[in-house]
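# Working through the structure, step by step
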Amino acid sequence: KAGVTQTPRYLIKTRGQQVTLSCSPISGHRSVSWYQQTPGQGLQFLFEYFSETQRNKGNFPGRFSGRQFSNSRSEMNVSTLELGDSALYLCASSLTPEVTEAFFGQGTRLTVV
Amino acid sequence: GENVEQHPSTLSVQEGDSAVIKCTYSDSASNYFPWYKQELGKRPQLIIDIRSNVGEKKDQRIAVTLNKTAKHFSLHITETQPEDSAVYFCAASLPSGGSNYKLTFGKGTLLTVNP
């Protein structure tokens, strides 16, 4: 069974641009969560999707958004990029939100210059 | 808001020694406590977890203990090996309205096992 797949692995963007990251969960998993990982702040929760609905949202500005498709694949979008958005973006999948064992993808390393 | 505190931030041990990492959480309604290991440049991997109806769980050299009264849980690694060197994250599943649980992570512990 394939694991959680994130694309692309690396991105370099300039300030003011927007970016879309993709996450394909483990087959059969319907819940996808997104996290931002930085050296100073650790893993910070962005949002969670289940059945194409955002069920939880962390404390991030509205520039961060996401969605989930009917096949459970999820995308997150960051608009008007800032230097501070440089981070590793990780997604995690679980069977359902209530089955909380979460498995991470390898992440997308975003660098904003 | 909810909070998970993790200590220490760095830990250095000699090969063969034990390592203990501790976390505290703020919400007594939390009911699921996983631990993740993240090696350099790799994804966090779930290594062990415990639910609030259990006080201790072991898996070979790794064990986790939970004290619900004190709202803290700990990771114990015995007979450490150099390949145990990594960043370890604790997390707590905290309620976020109804049954919508989410994981809140500690800031991580960099464990170095010296040969």
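Structure: see above.
So, how was this worked out
Residues numbered from 1 in each chain as written. Chains lettered and ligands numbered in written order. Predicted model: local features only at pLDDT ≥ 70, side-chain atom pairs only at ≥ 80, totals over all residues. Heavy atoms only, no water. Helix = DSSP H or I, 4+ residues; strand = E, 2+ residues; numbered from the N terminus. Rg over C-alpha atoms; globule rule 2.2 N^0.38 Å. Buried < 20%, exposed > 50% of the residue type's maximum accessible area, 1.4 Å probe, protein only. Contact = heavy atoms within 4.5 Å. Lys, Arg positive; Asp, Glu negative; His and termini not counted. Charge placed at Lys NZ, Arg CZ, Asp CG, Glu CD. Pairing = 2+ DSSP bridges. Axes fitted to C-alpha atoms, helices over the stretch in contact; angles between N-to-C directions. Polar contact = N/O pair within 3.5 Å; in protein donor to acceptor, adjacent residues only side chain to side chain. Core = buried A, V, L, I, M, F, W, Y, C linked by side-chain atoms within 4.5 Å. Disulfide = S-S within 2.5 Å. Buried area = accessible area lost by both parts, 1.4 Å probe. Salt bridge = Lys/Arg side-chain N within 4 Å of Asp/Glu carboxyl O.

## Concerning the overall build of chain B
- From N to C terminus, chain B includes zero helices and 11 strands.
- The helix and strand sequence of chain B, counted from the amino end, reads β-β-β-β-β-β-β-β-β-β-β.
- Relative to the globule expectation of 13 Å for 115 residues, the C-alpha radius of gyration of chain B, 14 Å, shows essentially globular dimensions.
- Each of the three principal axes of chain B carries a C-alpha extent, and together these read 50 × 30 × 20 Å.
- By residue count, 43% of the 115 residues in chain B fall in the buried class.
- Of the contacts made within chain B by residues no fewer than 6 positions apart, 53% connect residues no fewer than 24 positions apart.
- Taken together, the 12 basic and 12 acidic charged side chains of chain B have centroids lying 6 Å from each other.

## Some details on the sheet that holds strand β3 (residues 19-25) of chain B
Residues and elements named next belong to chain B.
- Ordered by their spatial adjacency, five strands build an open sheet running β1-β3-β8-β7-β6, and the pairing between neighbours is antiparallel. Taken across any chain shown, the strands that pair with only one partner, and hence form the sheet edges, are β1 (4-7) and β6 (56-59). If you compare each strand with its neighbour and ignore which way they point, the axes differ by 15° on average.
- As judged from the four bridges shared by β6 and strand β7 (residues 62-67), these two strands associate in the antiparallel manner. What sits directly across from Glu56, in β7, is Thr65.

## Quick word on the environment of B:Arg43
- In this structure, B:Arg43 sits in the loop between β4 (32-38) and β5 (45-51).
- Apart from residues lying up to four places away in sequence, B:Arg43 is in contact with A:Val4, A:Phe104, A:Gly105, A:Gln106, B:Lys37 and B:Gln38.
- A polar contact is formed between the side chain of B:Arg43 and the backbone oxygen of A:Phe104, at a distance of 3.0 Å.

## Let's talk about the nonpolar core
- If you look at the biggest cluster of nonpolar residues, it comprises 24 residues, and the most contacted ones within it are B:Trp35, B:Phe73, B:Leu75 and B:Leu111.
- At the level of elements, β2 (10-14), β3, β4, β5, β7, β8 (72-77), β9 (86-95) and β11 (109-114) of chain B are the ones that each hand at least two residues to this core.
- Element by element, the count of residues in this core is highest for β9(B), at five residues.
- In terms of nonpolar packing, the next biggest core, distinct from the first, is built from 21 residues, A:Val4, A:Cys23, A:Phe47 and A:Val112 among them.

## Observations regarding the state of the cysteines
- Tallying each qualifying case throughout the model produces two disulfides over all chains.
- Paired through a disulfide, A:Cys23 and A:Cys91 show a sulfur-sulfur distance of 1.9 Å. On the S-S bond that ties A:Cys23 to A:Cys91, the torsion sits near 70°, and the link is right-handed. Taken as a pair, A:Cys23 in strand β3 (residues 19-24) and A:Cys91 in strand β9 (residues 87-94) lie far apart in primary sequence, 68 residues in all. Here A:Cys23 matches A:Cys91 in class, with each residue buried.
- What pairs with B:Cys23 in a disulfide is B:Cys90, and their sulfur atoms sit 1.9 Å apart. Looking along the S-S bond of the B:Cys23-B:Cys90 disulfide, the torsion reads about -100°, which is the left-handed sense. Taken as a pair, B:Cys23 in strand β3 and B:Cys90 in strand β9 lie far apart in primary sequence, 67 residues in all. In this structure, B:Cys23 and B:Cys90 share a single accessibility class: buried.

## Things to note about the interface of chain A and chain B
- Opposite the 21 residues of chain A that make contact, chain B presents 18 residues.
- Where chain A abuts chain B, roughly 1800 Å² becomes buried across the two surfaces, and 47% of that area is made up of carbon and sulfur atoms.
- Summed over the three residues of chain A that lose the most area to chain B, namely A:Leu43, A:Thr100 and A:Phe104, the buried surface amounts to 29% of that side.
- Joining chain A to chain B, the criterion identifies one salt bridge.
- Close ionic contact of A:Glu101 with B:Arg51 constitutes a salt bridge, the shortest N to O distance being 2.9 Å.
- Our count for the chain A to chain B interface comes out at four residue pairs in polar contact (both at pLDDT 80 or more).
- Elements represented by at least two residues in the side of chain A that touches chain B include exactly β4 (31-38), β5 (42-50), β6 (53-57), β9 and β10 (103-104) of chain A.

Take it as geometry only, folks, not as evidence of what the structure does.
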